[in-house]
Amino acid sequence: MDVCITEGGVTLSALGGGFSFKVKGEQTLKFPAVILRFLCFSSSSGFLIILSALESGSSGEQKGSVFGNRSSQERNLRPPAKISGFVVNSDGGGRGLSDVDPVSCETRGSDLELDDVVVLCPPGCRRTRMSVFGTGPYAAVSSVCGAALHRGALGPSGGLVRVLKQRGQHSYVSSYANGIQSLGLSRWTSSFSLSGSTDQLFFVCLHMGVKKKEVPESFTEMYCQMDVAVVMDSSRNIGQRRFNLQKNFVAKLAAMLRVGASGPHVGLIQASDSPKTEFVLSSYTQPKDLLFAIKELTYLGGDTNTGKAILHTAETFFTQENGMRRGHPRVMVVMIDGWPSDDVEQAAILARESGINVFLVSVAKPAAEELSMVADRDFMKKAVCKDNGFFSYSIPSWFSTTKHARSVMQRLCSLDSLLCSKTCYNSVNIGFLIDGSSSVGMDNFKMVLDFLAGIAQSFDISDIGSHVGAVQFTYDQRMEFGLFDHSTKEDTMNALRGISYMSGGTSTGSAISYATQNLFRHPRRGHDFLVVVTDGQSYDDIRGPAMAAQRQGITIFSVGVAWAPLDDLRAMSSEPKDRHTLFTREFTGLLDFIPLVVRSICQDFTENSEIRP
């Protein structure tokens, strides 16, 4: 008998006739030897074990490999999208599970299909940015694993959590617990609660449900959930033979990624004289269908217009119509033989600003005698998401590409290293502070709302993206809607344009304090911006409240119209003053400021992101 692991009185053993669990010496569960492969997880120690066995009637050889926190080389393993098995509790009892969902750290309660489900959270979620709303029950927009950490039902090594869906409620209360800060939320349409803890779940042994010949030699990185666009080189430089070798590499890479409904999705574009989209993200969600589509690709020929292909992919490929999934990292893998015929820099800038992580796989670099033909020798540095060595991969020859598929796959699946996933468009919190005083007037007030709607329109507003809130002020202040009141851009735009005009005096300083304390009161993901629009002089002090807001990390744009004193506008705005202070004599001039404000928000975001870890 070979013992797989023994811990806390619980033993998993491989017997000549099969497998068994023993708890404190008492046998509790048996499995026949026809089960070929098991994934075993110990939630208290973080062990992940792969145990292989031959079928009954064979030599009975067993092989065991231990992965997890105590193995530095292979820490995360990727189970299938749906797996079944048993949970053994600390009291020795066991219960069957019809479904165990492997999830990522960012998976939300609303992403789960079942109302009562056990999920398997990966290790290391504390190092991931997660949003948690409430203290229990949690709003369904919350990260399930983040909520489990907050509740204390999950340890640093990950583990099993039971999720029970519930009705939505009003007033989700923020709190700090177990190193996780949850946020408050005024209301949400659905909730979930968590049942059980890792203290009650010692082991889970999961039947993989596959035949031996179908099991890959080893497993890919766990939870490699992303949307991938592969840009293949189909130029005359590569030729038919090397094009076929490129197809073999892309097919092997796709097989290792293990495309599936809840896993990675892959689409493909060919780069030639003009880019050609062969299939989109939603075209193939089964590995065999995807591999067949890659095999059937036809060689095009033409110039190596890689820049055109990157631009085409950045502008048209990652859309919901093409199967892009909200919240999943967007990755572009660009294959190139030698060097490009066109400029890649501007296309790559657009890709980065769109939140796309561009990897460049260069095969057969130009020889010394060919360098004179290369228009831009730094094209690799300019094309990738970030010039840090991680996003560039060089292979000496097309004949050896398949040997590098695993290394490329591991880079793609290093989700924490995908630096371009977060951009100014999907990672900012923007508060609008709107002057509703009598001097503005109804018609001009509508132009102010059009101006603010134009700014909001430029950002990716969603429950996991950017957020927008608005406060109107006279002598008093009125919260029009909070940063988390609307989870779609459409709802946000409707709420913004539906604000009714107050009319009254002008107390801008008090309004800034009110927005600081109420609009930005809870800890938030992303960078905070406050756009103040006013047409006159404030009756109270604005310098003190503005400084307090900036000390809290809020960047202030002051937009003045008509009689607004320039000295007051500059006193309110953040540094550098020239970038954050805008003034126009007429309300009709506000629309011209929309691109300036959006561009400045993105510039601030980029500069602050380079400073922050």
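Thresholds, definitions, all that
Residues numbered from 1 in each chain as written. Predicted model: local features only at pLDDT ≥ 70, side-chain atom pairs only at ≥ 80, totals over all residues. Heavy atoms only, no water. UniProt positions renumbered as here; feature names shortened; annotations may be inferred. Helix = DSSP H or I, 4+ residues; strand = E, 2+ residues; numbered from the N terminus. Buried < 20%, exposed > 50% of the residue type's maximum accessible area, 1.4 Å probe, protein only. Contact = heavy atoms within 4.5 Å. Areas by Shrake-Rupley, 256 points an atom, 1.4 Å probe, with all protein chains shown as cover. Pairing = 2+ DSSP bridges. Axes fitted to C-alpha atoms, helices over the stretch in contact; angles between N-to-C directions. Core = buried A, V, L, I, M, F, W, Y, C linked by side-chain atoms within 4.5 Å. Salt bridge = Lys/Arg side-chain N within 4 Å of Asp/Glu carboxyl O.

The protein has the name Cochlin in an unreviewed UniProt entry, where Oryzias sinensis is given as its organism. Taken verbatim from the UniProt record of the protein, the Function (unreviewed entry) comment is "Plays a role in the control of cell shape and motility in the trabecular meshwork." Regarding the protein, the relevant UniProt record gives this comment under Subcellular location (unreviewed entry): "Secreted".

Colleague: Would you mind showing me how to read the overall build of the protein here?
Modeller: A count of helical and extended segments in the protein gives 14 helices and 28 strands. Classification of the 613 residues of the protein by burial places 55% in the buried group. Within the protein, contacts between residues at least 6 apart in sequence are counted, and of these 71% link residues at least 24 apart. If you sum the accessible surface of the protein, you get close to 26400 Å²; carbon and sulfur atoms cover 48% of it.

Colleague: Any chance you could explain the sheet that holds strand S20 (residues 330–337) here in plain terms?
Modeller: Backbone hydrogen bonds are what pair the strands of a sheet, in a parallel or an antiparallel way. The mixed open sheet is built from 6 strands, whose spatial order is S19-S18-S17-S20-S21-S22. Edge positions in the sheet fall to strand S19 (276–279) and strand S22 (392–395), since each has one partner strand and no second. Adjacent strand axes in the sheet meet at a mean angle of 20° when their direction is disregarded. Here strand S17 (residues 227–233) pairs with strand S18 (residues 265–271) via 7 bridges, running parallel. In the sheet register, Val230 faces S18, and the bridge partner there is Leu268. Each of S17, S18, S20 and S22 touches helix H2 (residues 239–257); the most contacted strand, S17, lies at about 170° to it.

Colleague: Teacher, can you tell me more about the sheet that holds strand S25 (residues 477–481) here?
Modeller: Strand order in the open sheet formed by 6 strands is S25-S24-S23-S26-S27-S28, and the pairing between neighbours is mixed. Two strands lie at the open edges of the sheet, namely S25 and strand S28 (581–584), each paired on one side alone. Each strand of the sheet is rotated relative to its neighbour by a mean of 20°, with strand direction disregarded. Contacting strand S23 (428–435), strand S24 (467–473), S25, strand S26 (527–534) and strand S27 (554–561), helix H10 (residues 508–519) crosses the sheet at an angle of about 40° to S25.

Colleague: Explain the nonpolar core to me, please; I cannot follow it from the model alone.
Modeller: Where a protein is soluble and globular, its nonpolar side chains tend to be buried together. Among the nonpolar cores identified, the biggest contains 69 residues, and Phe249, Leu257, Ile294, Val331, Met332, Leu360 and Leu412 are the most heavily contacted of them. Here this core gets 9 residues from one element, more than from any other, and that element is H2. Ranked by size, the runner-up nonpolar core spans 41 residues in total, among them Leu452, Ala453, Val559 and Val598.

Colleague: Honestly, the pattern of salt bridges in this entry has me stumped. Any pointers?
Modeller: Oppositely charged side chains can pair when the atoms bearing their charge come close. Evaluated as defined, the whole model comprises 11 salt bridges. Asp227 is the partner of Arg325 in a salt bridge, and the nearest nitrogen-oxygen pair spans 2.8 Å. Residue Arg325 is located in the loop between helix H4 (306–317) and S20, and its partner Asp227 is located in strand S17; the two are separated by 98 residues in the primary sequence. Taken individually, Arg325 and Asp227 each receive the classification buried, so the pair is uniform in this respect. One salt bridge in this structure joins Arg570 and Asp578, with 3.1 Å as the shortest N-O distance. Looking at Arg570, the relative accessible area reads 31%, which means it is partly exposed. By relative accessible area, which is 62% here, Asp578 ends up exposed. In the salt-bridge network here, residues are joined through shared partners; they are Arg579, Asp604 and Glu607.

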